[in-house]
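Chain by chain, the residues:
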Amino acid sequence: MIRLKPCRKEYAKETQRAVPPEETRDRVRVRLPAAGITRIADITNLDRIGIPVFSGIRPTAGEGAISVYNGKGATPVEAEVSAMMEGIERYSAECGGTSLITARYADLAGKENVLDPADLILPARAPADQPLPWVTGYDIAREEEILVPAHAVFHPLPATAGRLFRTNTNGLASGNTLEEAIFHALMEVVERDAWSIVETLRATGPEVTGIADGLAAELLEKFAAASVEVRIKDITSDIGIPTFAAVADDVLLKDPTLLTIGMGSHTNAEIAALRALTEVAQSRLTQIHGAREDTDTADIRKKIGYERTKRLNRHWFAEAEGREISTISSFDSDDFLTDITYTVSMLEKAGLDRVIAVDLTRPEIGIPVVRVIVPGLEVSAMDQERVGARCRDARRNHISRTQSR
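Just so we're clear, the structure is a prediction, and the values are computed from it rather than from any experiment.

Draft legend 1. Main features of the pattern of salt bridges. Across all of its chains, the model carries 31 salt bridges by this definition. R90 is the partner of E86 in a salt bridge, and the nearest nitrogen-oxygen pair spans 3.4 Å. Here the residue E86 and the residue R90 both occupy positions in helix α2 (residues 76-93), the gap between them amounting to 4 residues, near one helical turn. Each member of the pair, E86 together with R90, is buried. Salt bridges sharing common partners tie together R25, D26, R29 and E80.

What follows is the structure, given as structure tokens:
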């Protein structure tokens, strides 16, 4: 059972952590060999922007997993830590020797507290009530243990686990403490939900303006100095957690593969903007570096060209009305548990009453890793086969508003 406790933030500059990033780096570095991570490299200078990005290599990644990971940050040490933690997360998310229960949902329902797979937004072709592997999670909102399909927890899963849906890494996060990891995972599932709704509507919110000082302003200046146009769109959903998308257009090279996007969600709007900016810088370097196995989109964009790629994504690159970042509501505290409680309450107000965490921390590593699952949140930006009620309702409401104008 997961028991959360107060967890004070001891570092709150370009991001928020329970301890400073230097301390995290030193603690994690010695654990990398146990996870099969053989190299962490600074690849910042492969791009002309100068925003820190690091790469991690894990040659022993399981079948169906990628072996090259990138990490982002406003400072070199934060980007290095990000790459390390990404590798630890991916290692911890592999099923390994985890003991799983295999059963049909119908056989478990009534005997166990079990999540209906249908609540996870299934592809249309998913077989009905097939035997599935299950793992125990803990519902933070209801304070109870619950069995969840292993497909929502591990990535990748062996073919013998059956085909419920394609596994992914949404809601997978690490941290210095379990509370830190859970908060970061919550922000990711909120972010992916908002992104999915925007892609469904092909319409974003206003452009975020008024970033005049601080680290975010410094990053924007670096993009501008390199002739890379960046827009930050406010894609915050009805959940109310600030969520931004930064889109970059290299107007100097006009390379379709460098029409990139980065997302960021955080209860603090300024940190959400920073995360979006550092992620779009990482997205550029992922394309430039060219070492990851999951960059097939680049080949498609090369074939269709810069102008057409930009037209197909005009909802991201088009001008929009402005919204000052200072007017965007934020919530911030000095404790991760407080932020978790606030986020759970915002999800509940939006009708999402389950928040399930599965502790994936590996004993041989000792770095907290979790998978957070919020049934009903959208994932179609990552898996187009899985479109749920939130996307359908958003589309219906958008059409209704458009027709009434």
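Draft legend 2. Representation of unusual backbone geometry within the structure. Residue P156 is reached from H155 by a cis peptide bond, and omega for that bond is -5°. On the secondary structure map, P156 appears in the loop between β8 (144-149) and β9 (172-174). If you check the backbone angles, I121 has positive phi at about 65° while not being a glycine. In this fold, I121 is placed in the loop between α3 (105-108) and β7 (132-139). A relative accessible area of 10% means that I121 is categorised as buried. Notably, R202 is not glycine yet its phi reads approximately 55°, a positive angle. Tracing the backbone through its elements, the reader meets R202 in the loop between α4 (178-201) and β10 (207-209). According to the relative accessible area criterion, R202 is partly exposed, its value standing at 43%.

Draft legend 3. Seen up close, the pairing of strand β4 (residues 53-57). Of all 5 residues that make up β4, 4 are buried, and the element is covered over most of its length. Two elements, strand β3 (residues 39-42) and β4, share 4 bridges in a ladder whose sense is antiparallel. Residue pairing in the sheet places R39 in a bridge with I57 of β4. Where β4 lies against strand β5 (residues 68-72), 5 bridges are found, and the strand directions are antiparallel. The partner of S55 across the bridge, within β5, is N70.

Draft legend 4. View of the domain arrangement of the chain. Domain assignment breaks the chain into domain 1 (11-96) and domain 2 (203-327). Taking the mean C-alpha position of each, domain 1 and domain 2 sit 21 Å from one another. The interface of domain 1 with domain 2 comprises 23 residues on the first partner and 27 residues on the second. Of the roughly 2,300 Å² buried between domain 1 and domain 2, counting both surfaces, carbon and sulfur atoms make up 61%. The largest contributions to the domain 1 side of the interface with domain 2 come from R48, I51 and K72, which together make up 30% of the buried area. The interface formed by domain 1 and domain 2 includes 3 salt bridges. With its nearest N and O atoms 2.8 Å apart, the salt bridge here joins R284 to D47.

Draft legend 5. Summary view of the layout of surface pockets. Empty space within the second largest pocket amounts to approximately 340 Å³. I197, L201, A203, T236 and R401 are the residues nearest the centre of the second largest pocket, which is lined by 17 residues in total. Every element with two or more residues in the lining of the second largest pocket is listed here: α4 and α11 (389-404). Element by element, the count of residues in the lining of the second largest pocket is highest for α11, at 5 residues. Classifying every residue of the lining of the second largest pocket gives 7 nonpolar, 5 polar and 5 charged.

Draft legend 6. A look at helix α10 (residues 336-349). The terminal C-alpha atoms of α10 lie 20 Å apart, and with 14 residues this matches the ideal 20 Å at 1.5 Å per residue to within 8%. Among all positions of α10, only F336, D339, I340, T343, V344, M346 and L347 are buried. End-on, the buried residues of α10 take up no more than an arc of 160°, which puts them together on one face. Elements that come into contact with the buried residues of α10 comprise β2 (16-17) and α4. Where α10 starts, the residue carrying a side-chain oxygen 2.8 Å from the main-chain nitrogen of L337 turns out to be D335. Positive backbone phi, at 85°, marks G351, one or two positions downstream of α10.

Draft legend 7. Structural context of α4. With 24 residues, α4 extends 35 Å between its outermost C-alpha atoms, agreeing within 8% with the 34 Å of an ideal straight helix rising 1.5 Å per residue. The element α4 is extensively covered by neighbouring structure, given that 23 of its 24 residues are classed as buried. Of the residues one or two after α4, R202 is the one with positive phi, at around 55°.

Draft legend 8. Spatial organisation of the nonpolar core. Counting residues in hydrophobic clusters, the biggest one holds 39 residues, and the most contacted among them are I88, V148, V153, F154, L360 and I373. Every element with two or more residues in this core is listed here: α2, β7, β8, β15 (356-359) and β16 (369-373). Counting residues per element, this core draws most heavily on α2, which supplies 7 residues. Apart from the residues within four sequence positions on either side, F154 is in contact with A93, E94, C95, T98, L100, V135, T167, L360 and R371. Among the nonpolar cores identified, the runner-up in size contains 29 residues, and A185, V189, I239 and V374 belong to it.

What counts and how
Residues numbered from 1 in each chain as written. Predicted model: local features only at pLDDT ≥ 70, side-chain atom pairs only at ≥ 80, totals over all residues. Heavy atoms only, no water. Salt bridge = Lys/Arg side-chain N within 4 Å of Asp/Glu carboxyl O. Helix = DSSP H or I, 4+ residues; strand = E, 2+ residues; numbered from the N terminus. Buried < 20%, exposed > 50% of the residue type's maximum accessible area, 1.4 Å probe, protein only. Pairing = 2+ DSSP bridges. Domains from an automatic or database assignment. Contact = heavy atoms within 4.5 Å. Buried area = accessible area lost by both parts, 1.4 Å probe. 1 Å grid on protein atoms, 1.4 Å probe; cavity = no way out; pocket = protein on both sides within 12 Å on 5 of 7 lines; lining within 4 Å. Points joined across faces, edges and corners; volume = space filled by probe spheres on them. Nonpolar A, V, L, I, M, F, W, Y, C, P; charged D, E, K, R; others polar. Expected span 1.5 Å × (residues − 1). Arc of directions from axis to C-beta. Polar contact = N/O pair within 3.5 Å; in protein donor to acceptor, adjacent residues only side chain to side chain. Core = buried A, V, L, I, M, F, W, Y, C linked by side-chain atoms within 4.5 Å.

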